[in-house]
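# Examination of the molecular architecture
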Amino acid sequence: MAEFEFETEGVVKKFMFLNRKAPYGTIYALEVLETVLISAAFDQEVALAFVDDGVYQIMKGCDTAATSGMKNFSKTYRALEGYDVEQLFVEKESMEARGLTEDDFIVDVQVVPASEMVALIAAQDVVISG
Amino acid sequence: MLHIVVKSPFERNALESCLRLAEPGSPILLIEDGVYGALDNTNVAPAVKSAMADHPMYALDADLKARGVADRVIDGIEVVDYEGFVDLVVDKGPSNTWL
């Protein structure tokens, strides 16, 4: 029994959630977001990165009312601050490739070039992609 | 950090994004449909060969064989079995999966 017990109290790891999928076509974005909230509840150091179509997750003005029962989770990104999740990074190249600017996003983000995103990813203890 | 690519480069940009965002020196392992990125004489082979200057590249033998492409792998990509896969995760982790 004892060999399976681990001392985890106070262990804080750097988690990055690397979002690369658009929000409503597949379940990835919502599943990642729920995992983000769980990680934050365990007082881990959480960062979110939005790359490729992942940048579409934080578009202003998402309205799923006319779809059949699809939950609009856009506002959840604005609640992250309340969980002390304040490190939100957008890759500049992905944003610009889609004709977007910082003003299009529902939350405050740090826009970083790919070269900086490389270093951010490399510095993590855990990376969860979706 | 070990980067694992699991989707075909002809269907998605998983490999392309991995090559853009993986730190130089970090190993890249191609598994599942990701092994199509390990093949020579394709449209993506030049990009993979040039990335091999910065990244040790690996491909999973079982997935290559399952797809009938084990004899088409780019020279210099190391083909590993499941034990080799585990060794990479243990020695080079944490890992990040590109899907």
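Scope of this entry: the structure provided in the associated data block.

With that out of the way, let us pick up the overall build of chain A. Across its full length, chain A holds four helices and five strands. In sequence order, the secondary structure elements of chain A are arranged as β-α-β-α-β-α-β-α-β. For chain A, the spread of C-alpha atoms along the principal axes amounts to about 55 × 40 × 25 Å. Excluding contacts between residues fewer than 6 apart, the proportion of contacts in chain A whose partners are at least 24 apart in sequence is 72%.

Here the focus is the pairing of strand 1 (residues 2-5) of chain B. Residue and element names in this part refer to chain B. A two-sided burial pattern is seen for strand 1, the buried positions comprising Leu 2 and Ile 4 on one face and His 3 and Val 5 on the other. By the bridge criterion, four bridges tie strand 1 to strand 5 (residues 95-98) in an arrangement that is parallel. Residue Val 5 lies in a different strand from strand 5, and its bridge partner there is Trp 98. Of the pairings in the sheet, the one linking strand 1 to strand 2 (residues 28-30) comprises three bridges and is parallel in character. Among the inter-strand pairings, Ile 4 is bridged to a residue of strand 2, identified as Leu 29. For the handedness criterion, the β-α-β arrangement of strand 1, helix 1 (residues 14-21) and strand 2 is classed as right-handed.

With that settled, the discussion passes to the sheet that holds strand 3 (residues 87-91) of chain A. All names here are of chain A. Strand order in the open sheet made by the five strands is 4-3-2-1-5, with parallel pairing throughout. Here the strands that pair on one side only, and so sit at the sheet edges, are strand 4 (110-112) and strand 5 (126-129). Across the sheet, the axes of successive neighbouring strands diverge by a mean angle of 25°, strand direction being ignored. Contacts from helix 1 (residues 28-41) reach strand 1 (14-19), strand 2 (45-50) and strand 5, with the element oriented near 165° to strand 1. Packing of helix 4 (residues 114-122) onto the sheet brings it into contact with strand 1, strand 2, strand 3, strand 4 and strand 5, and relative to strand 3 it is tilted by some 140°.

Rules behind the numbers
- Residues numbered from 1 in each chain as written.
- Chains lettered and ligands numbered in written order.
- Predicted model: local features only at pLDDT ≥ 70, side-chain atom pairs only at ≥ 80, totals over all residues.
- Helix = DSSP H or I, 4+ residues; strand = E, 2+ residues; numbered from the N terminus.
- Contact = placed C-beta atoms within 7 Å.
- Buried ≥ 20, exposed ≤ 12 C-beta atoms within 10 Å, placed from the backbone.
- Pairing = 2+ DSSP bridges.
- Right-handed = clockwise from strand over helix to strand, strands pointing away.
- Axes fitted to C-alpha atoms, helices over the stretch in contact; angles between N-to-C directions.

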